[in-house]
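Observations on the model geometry
Now for the letters of each chain:
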Amino acid sequence: MKIIAICAIDQEAVKFELPNAEIHFIQGGVGKTLSAFHLTKAICEIKPDMVINFGTAGTVKHNVDDIVVCNRFVDRDLRKVSIDCIQSEYQFEPIKGLPFLEKVKEYGTCNTGDSFVTELADLEGDVVDMEAFAEATVCHEMNIPFVSVKCATDVIGQNSVKHWEDKLADAREVLKAFFSL
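Below is a summary of the structure that appears in this document. (Residues numbered from 1 in each chain as written. Predicted model: local features only at pLDDT ≥ 70, side-chain atom pairs only at ≥ 80, totals over all residues. Heavy atoms only, no water.)

1. Observations regarding the pairing of strand S6 (residues 108-112)
Taken across its 5 residues, S6 has 5 buried, putting it largely inside the fold. Here S6 shows no split at all, with Gly-108, Cys-110 and Thr-112 on one side and Thr-109 and Asn-111 on the other all buried. Examined bridge by bridge, strand S4 (residues 67-75) and S6 share 5 bridges and lie parallel to one another. The residue of S6 that forms the bridge with Arg-72 is Thr-109. With 3 bridges joining them, S6 and strand S7 (residues 127-129) adopt parallel strand pairing. Note that in S7 the partner of Cys-110 across the bridge is Val-127. (Buried < 20%, exposed > 50% of the residue type's maximum accessible area, 1.4 Å probe, protein only. Helix = DSSP H or I, 4+ residues; strand = E, 2+ residues; numbered from the N terminus. Pairing = 2+ DSSP bridges.)

Take a look at the structure:
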């Protein structure tokens, strides 16, 4: 099985292994445009069986260092546009057969937008990032299973930028532990 594992930046990157899997680690860059470009390019070259997005996220519902596995993705920017033909949400079936997903009791929702959210607002979802919805869109359009594993690094509205920067190293360790068999 071929898997693309994508994170936004080097500071989020962790390496992990899965039985009977060839994992290709890539960095998508920050934001929807870069991540969609890099993921599309990698899919065309690698032809994976699935894509795993992983990295850090803000939250309003969870604690710092919680792992939230998401299979539903909303775009907070597109939600503001009330035009029927604009897709602002994707939901994927839970992926079976991956050891780290056997630990998941409940899947969450990742809220994606083009801004770093620093103030508490009426945000839909469990975690907030800047890339997952774009990657979900690419996978939906290319009919590739997709899941996102996020480590909550900051609580929205509580000095999020500073907390995120301070928690990057810890988040890598939490993610490593989650993916370990």
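Next, the rest of the story.
2. Here we look at the pairing of S4
Burial analysis of S4 places 8 of its 9 residues in the buried class, the great majority of the element. By the bridge criterion, 4 bridges tie S4 to strand S8 (residues 146-155) in an arrangement that is antiparallel. Residue pairing across strands places Val-68 opposite Lys-150, the latter belonging to S8. In the sheet, S4 pairs with strand S5 (residues 89-91) via 3 bridges, with the strands oriented antiparallel. If you follow Val-74 over to S5, its bridge partner there is Glu-89.

3. Side note on the packing of helix H1 (residues 32-46) against helix H2 (residues 132-141)
Interaxial distance between H1 and H2 falls to 8 Å at its minimum, and their mutual angle equals 35 degrees. As for the relative orientation of H1 and H2, their crossing is right-handed in sense. In this structure, H1 contributes Lys-32, Ser-35, Ala-36, Leu-39, Thr-40 and Ile-43 to the contact, and H2 contributes Ala-134, Glu-135, Val-138 and Cys-139. Grouping the constituent residues of the contact of H1 with H2 by class yields 6 nonpolar, 2 polar and 2 charged. (Axes fitted to C-alpha atoms, helices over the stretch in contact; angles between N-to-C directions. Left-handed = near helix turned anticlockwise from the far one by under 90°. Contact = heavy atoms within 4.5 Å. Nonpolar A, V, L, I, M, F, W, Y, C, P; charged D, E, K, R; others polar.)

4. A look at a nonpolar patch on the surface
On the surface, Val-81, Ile-83 and Ile-86 cluster together to form a nonpolar patch covering roughly 210 Å² of accessible area. With respect to the secondary-structure elements, Ile-86 resides in the loop between S4 and S5. (Patch = residues over 30% accessible without salt bridge, like charges linked within 9 Å, V, L, I, M, F, W, Y side chains within 5 Å. Areas by Shrake-Rupley, 256 points an atom, 1.4 Å probe, with all protein chains shown as cover. Salt bridge = Lys/Arg side-chain N within 4 Å of Asp/Glu carboxyl O.)

5. Considerations on the environment of Glu-93
Tracing the chain through its elements places Glu-93 in the loop between S5 and S6. In this structure, the C-alpha to C-alpha distance between Glu-93 and Gly-108, residues 15 residues apart in sequence, is 12 Å.

6. Some points on H2
Side chains that are three or four residues apart share a direction in an α-helix, a result of its 3.6 residues per turn. Burial of H2 is extensive: 7 of the 10 residues sit out of reach of the surface. Of the residues making up H2, those classed as buried are Ala-132, Phe-133, Ala-134, Glu-135, Ala-136, Val-138 and Cys-139. Phi for Asn-143, located one or two positions after H2, is positive at around 55 degrees.

7. Thoughts on unusual backbone geometry
Despite not being glycine, Asp-65 shows a phi value in the positive range, around 80 degrees. Under the relative-accessibility criterion, Asp-65 is labelled partly exposed at 31%. Even without being glycine, Asn-143 reaches a positive phi, approximately 55 degrees. For Asn-143, the location among the structural elements is in the loop between H2 and S8. A relative accessible area of 71% places Asn-143 in the exposed class.

8. Some words on the pattern of salt bridges
Considering all chains together, one arrives at 10 salt bridges under this definition. Close ionic contact of Glu-124 with Arg-72 constitutes a salt bridge, the shortest N to O distance being 2.5 Å. Placement of Glu-124 in the loop between S6 and S7 and of Arg-72 in strand S4 is noted, with a sequence separation of 52 residues between them. Accessibility expressed as a relative area gives 30% for Glu-124, which makes it partly exposed. Judged by relative accessible area, Arg-72 falls into the buried class, the value being 18%. Between Lys-176 and Glu-173 there is a salt bridge, with its nearest N and O atoms 3.3 Å apart. With a gap of 3 residues between them, Lys-176 and Glu-173 both fall in helix H3 (residues 160-179), about one helical turn apart. Via salt bridges that share partners, Lys-32, Asp-75, Asp-77 and Asp-114 belong to a single interconnected network.

Functional significance is not addressed by these values, which are geometric in nature.
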